[in-house]
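Geometric and topological summary
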Amino acid sequence: FNNYNSGSDLFISKISADGSTLLNSTFWGGSKNDGVNKEIYKNYGDHYRSEVILTDDGSILVVSSTLSMDVPLVGLNSLDRAQNSQDALVGLFSDDLKTLYWGRYFGGINSETGYAAKAFGNKVYITGATKSNDLPTSITAHADIRIGEEDGYVAAFNLSTGNLEYSTYFGT
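Residues numbered from 1 in each chain as written. Predicted model: local features only at pLDDT ≥ 70, side-chain atom pairs only at ≥ 80, totals over all residues. Heavy atoms only, no water.

Comments concerning the overall build of the protein
- Helix and strand counts for the protein come out as 0 helices and 10 strands.
- Put simply, the protein runs from its N terminus to its C terminus through helices and strands in the order β-β-β-β-β-β-β-β-β-β.
- Considering the protein as a whole, with its 172 residues, one finds that 49% of them fall into the buried category.
- Pairs at least 24 residues apart make up 61% of the contacts formed inside the protein by residues separated by at least 6 positions.
- When the accessible surface of the protein is summed, it comes to about 8,900 Å², and 53% of that surface belongs to carbon and sulfur atoms. (Helix = DSSP H or I, 4+ residues; strand = E, 2+ residues; numbered from the N terminus. Buried < 20%, exposed > 50% of the residue type's maximum accessible area, 1.4 Å probe, protein only. Contact = heavy atoms within 4.5 Å. Areas by Shrake-Rupley, 256 points an atom, 1.4 Å probe, with all protein chains shown as cover.)

Section: the sheet that holds strand E8 (residues 123–130)
- Ordered by their spatial adjacency, 4 strands build an open sheet running E7-E8-E9-E10, and the pairing between neighbours is antiparallel. Each having just a single partner strand, strand E7 (116–120) and strand E10 (164–170) make up the two edges of the open sheet. On average, each strand axis in the sheet is tilted by 15° relative to the strand beside it, whichever way the strands run.
- With 5 bridges joining them, E7 and E8 adopt antiparallel strand pairing. (Pairing = 2+ DSSP bridges. Axes fitted to C-alpha atoms, helices over the stretch in contact; angles between N-to-C directions.)

Thoughts on the side chain of Ser85
- Along the chain, the position of Ser85 falls in the loop between strand E4 (60–66) and strand E5 (87–93).
- A polar atom in the side chain of Ser85 sits 3.2 Å from the backbone oxygen of Ile109.
- Reaching out from Ser85, the side chain makes a polar contact with the backbone oxygen of Asn110 at a distance of 2.9 Å.
- Those residues within four positions of Ser85 in sequence are excluded, and the remaining contacts are Thr66, Leu67, Gly108, Ile109, Asn110 and Ser111. (Polar contact = N/O pair within 3.5 Å; in protein donor to acceptor, adjacent residues only side chain to side chain.)

Focus on the nonpolar core
- Counting residues in hydrophobic clusters, the biggest one holds 19 residues, and the most contacted among them are Leu61, Phe106, Ile126 and Phe157.
- Residues contacting Phe157, with those up to four places away along its chain left out, are Val90, Trp102, Arg104, Phe106, Asn122, Lys123, Val124, Ile126, Gly162, Asn163, Leu164 and Glu165.
- Core analysis: the second largest hydrophobic core is formed by 12 residues, Leu10, Ile12, Trp28 and Leu97 among them. (Core = buried A, V, L, I, M, F, W, Y, C linked by side-chain atoms within 4.5 Å.)

Let's talk about the pattern of salt bridges
- For the structure shown, the criterion picks out 1 salt bridge.
- With its nearest N and O atoms 2.8 Å apart, the salt bridge here joins Lys123 to Glu165. Within this pair, whereas Lys123 is found in strand E8, its partner Glu165 is found in strand E10, the two being separated by 42 residues in sequence.
- A relative accessible area of 32% places Glu165 in the partly exposed class. (Salt bridge = Lys/Arg side-chain N within 4 Å of Asp/Glu carboxyl O.)

Comments concerning the sheet that holds strand E6 (residues 100–106)
- Taken together, the 4 strands give an open sheet; going across it, the order is E3-E4-E5-E6, and neighbouring strands pair in antiparallel fashion. Pairing within the sheet leaves two strands with one partner each, and these edge strands are strand E3 (51–54) and E6. The mean inter-strand angle of the sheet, taken between neighbouring strand axes irrespective of direction, is 15°.
- Taken together, the 6 bridges between E5 and E6 define a ladder with antiparallel strand orientation. Pairing of Leu89 across the sheet is with Tyr105, part of E6.

In C-alpha cells:
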C-alpha cells in the first residue's frame, strides 16, 4: 500500500457522456510520485485525494500533490522547487487535454497537499494541508502563520495566467 518506489504520474481522461468512448487522455508528472499524498494524511482516502473540475469555458483544472522536482509547468509563475518535499500541484489544461495552459507548484519548505479546487469568475481557488511556516501569504491574509502541527490553506490564482493572487493559512 502506498509504495510507489518507481514513481507515479497523474492521468487525466475525458470520456463521452454515455461513458462508452475515451475522447482524450494525458499523463502529467515528473520523475517521482505525483498524484499520491505520502506526507499529510488524517482521513480515509487522503493518500490519493485530488480533484479535477471543468471551468466555465470547458478547460480542465487539476489539483493534486507531487514529490517530483521536474513536473512540466508553463507560465511566468511556474516556480522551480528548491526543496525535496511534497508540494501541491495545480494546472489548467485545454478541453482536449493537448495543451497545458499553466501549471504551478504551491508550497513552502515543508510538505503540502492539494485536495480541492474551485473556479469562480476569473479565479481558481485551491485548498489543502500544510506543514510549512513559509507559505507565500498575502498582506490581507486571514492568518499569515501556521499555528498547528498542520494547518489548512486557501490560495487564489488568476484563471487566465495562473499567477498567485493571494493565499492564507486556515486552521489551528
